[in-house]
Amino acid sequence: AGAVEFRDVHFAYDPARPILKGVSFKVPAGKTIAIVGPSGAGKSTISRLLYRFYDPQGGQVLIDGQDVRDVTQKSLRHAIGMVPQDTVLFNDTIAYNIRYGRVDASEEELETAADLAQISGFIARLPDGFDTMVGERGLKLSGGEKQRVAIARTILKAPPVLVLDEATSALDSHTEREIQSALDKVSQGRTTLVIAHRLSTVVNADEIIVLQDGLIAERGTHAVLIAQG
Ligand code: ADP
Ligand code: ADP
């Protein structure tokens, strides 16, 4: 389960400025597609259309052959796990934030997810800014640490479809490598859309599409795209 398809998708936030001008691609269940392209090309917009933060003005977005407009919001949230660029944490412990989406998870599952995301050291703590109520100093989390909370949440939720929006962008290179290997493990057997700036971060994708000026300018494996320069 978890095949994703964009069929001739047209989208504009502002009618005067189209962002996607007929984008089509298929990700078979369990495969990984990478979407690369310059900043502002519409990469994140693709993830927002999949999650139905917006609907396209033309074309269709499908999960397992079903138009996402016909899928309930609840099952869509069950089906898709997002690791966004900027994670907003809830006013509660890091553990609570990880459990969100899988409240029935066991303590052991929670710890495994936290371990893989390398945040087991502080899951009992509160994020910064939420400390006054309990008279405890909150944790000031870096962008990378917040991203790891989102990664742990997604590992625990283990949805059929994963959307990694430049998921390791806020991490230093050592942490990035370790998180990347954790993400590689979770994405095994799951449909994965990786949104990335650089080709070098998506070497293992089954297909890479390059978005430019609202259209897919190039597509192929990493080796093919590199060979073309
Ligand atoms: P990318 O992820 O490739 O950097 P985005 O999909 O985030 O690009 O954005 C594509 C374009 O749409 C950008 O020019 C961006 O400024 C614009 N944009 C993004 N979100 C909105 C919004 N909510 N309202 C209006 N314009 C937006
Ligand atoms: P995101 O923008 O990636 O959804 P959140 O931190 O808000 O960021 O949510 C992360 C998780 O919360 C997702 O995996 C998703 O399953 C779940 N979620 C549930 N309801 C919503 C919602 N209305 N908006 C966003 N995420 C939601």
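From a predicted model like this one, the values you see are computed outputs, not experimental measurements.

Draft legend 1. Spatial organisation of the packing of helix H4 (residues 107-116) against helix H5 (residues 143-157). Across the interface, H4 lies against H5 with an axial gap of 8 Å and an inter-helix angle of 135 degrees. Considering the angle they form, H4 stands oblique to H5. Along this stretch, H4 crosses H5, giving a crossing that reads as right-handed. Between H4 and H5, the contacting residues are Glu-109, Leu-110, Ala-113, Ala-114 and Leu-116 on the first element and Ala-152, Ile-155 and Leu-156 on the second. Tallied by class, the residues present in the contact of H4 with H5 amount to 7 nonpolar, no polar and 1 charged.

Draft legend 2. Representation of the pattern of salt bridges in the model. The tally for this structure, following the rule as stated, stands at 7 salt bridges. Across the pair Glu-107 and Arg-99 runs a salt bridge whose closest N-O atoms are separated by 3.0 Å. The partly exposed category is assigned to Glu-107, whose relative accessible area is 47%. For Arg-99, a relative accessible area of 18% translates into the label buried. Beyond isolated ion pairs, a larger network of salt bridges with shared partners links Arg-102, Asp-104 and Glu-109.

Draft legend 3. Region of interest: a nonpolar patch on the surface. On the surface, Tyr-13, Phe-53 and Tyr-54 cluster together into a nonpolar patch covering about 320 Å² of accessible area. Within the fold, Phe-53 resides in the loop between helix H1 (43-50) and strand E4 (58-63).

Draft legend 4. Region of the structure containing the sheet that holds E4. Ordered in space as E2-E1-E4-E5, the 4 strands form an open sheet in which the pairing is antiparallel. Since the sheet does not close on itself, it has two edges, and those belong to strand E2 (20-27) and strand E5 (66-67), each with one partner. Bridge count for strand E1 (residues 4-11) against E2 is 6 bridges, and the pairing is antiparallel. Paired with Phe-6 across the strands is Phe-25, a residue of E2. Here H1 sits on the sheet in contact with E1, E2 and E4, set at roughly 115 degrees to E1.

Draft legend 5. Highlighting the packing of H5 against helix H6 (residues 173-187). At their nearest, the axes of H5 and H6 sit 11 Å apart, and the two run at 15 degrees to each other. Taken together, the axes of H5 and H6 lie roughly parallel to each other. As for the relative orientation of H5 and H6, their crossing is left-handed in sense. Between H5 and H6, the contacting residues are Arg-148, Ile-151 and Ile-155 on the first element and Thr-175, Ile-179, Leu-183 and Val-186 on the second. Residue composition of the contact of H5 with H6, by class: 5 nonpolar, 1 polar and 1 charged.

Conventions and cut-offs
Residues numbered from 1 in each chain as written. Chains lettered and ligands numbered in written order. Predicted model: local features only at pLDDT ≥ 70, side-chain atom pairs only at ≥ 80, totals over all residues. Heavy atoms only, no water. Axes fitted to C-alpha atoms, helices over the stretch in contact; angles between N-to-C directions. Helix = DSSP H or I, 4+ residues; strand = E, 2+ residues; numbered from the N terminus. Parallel < 35°, antiparallel > 145°, perpendicular 65-115°, else oblique. Left-handed = near helix turned anticlockwise from the far one by under 90°. Contact = heavy atoms within 4.5 Å. Nonpolar A, V, L, I, M, F, W, Y, C, P; charged D, E, K, R; others polar. Salt bridge = Lys/Arg side-chain N within 4 Å of Asp/Glu carboxyl O. Buried < 20%, exposed > 50% of the residue type's maximum accessible area, 1.4 Å probe, protein only. Patch = residues over 30% accessible without salt bridge, like charges linked within 9 Å, V, L, I, M, F, W, Y side chains within 5 Å. Areas by Shrake-Rupley, 256 points an atom, 1.4 Å probe, with all protein chains shown as cover. Pairing = 2+ DSSP bridges.

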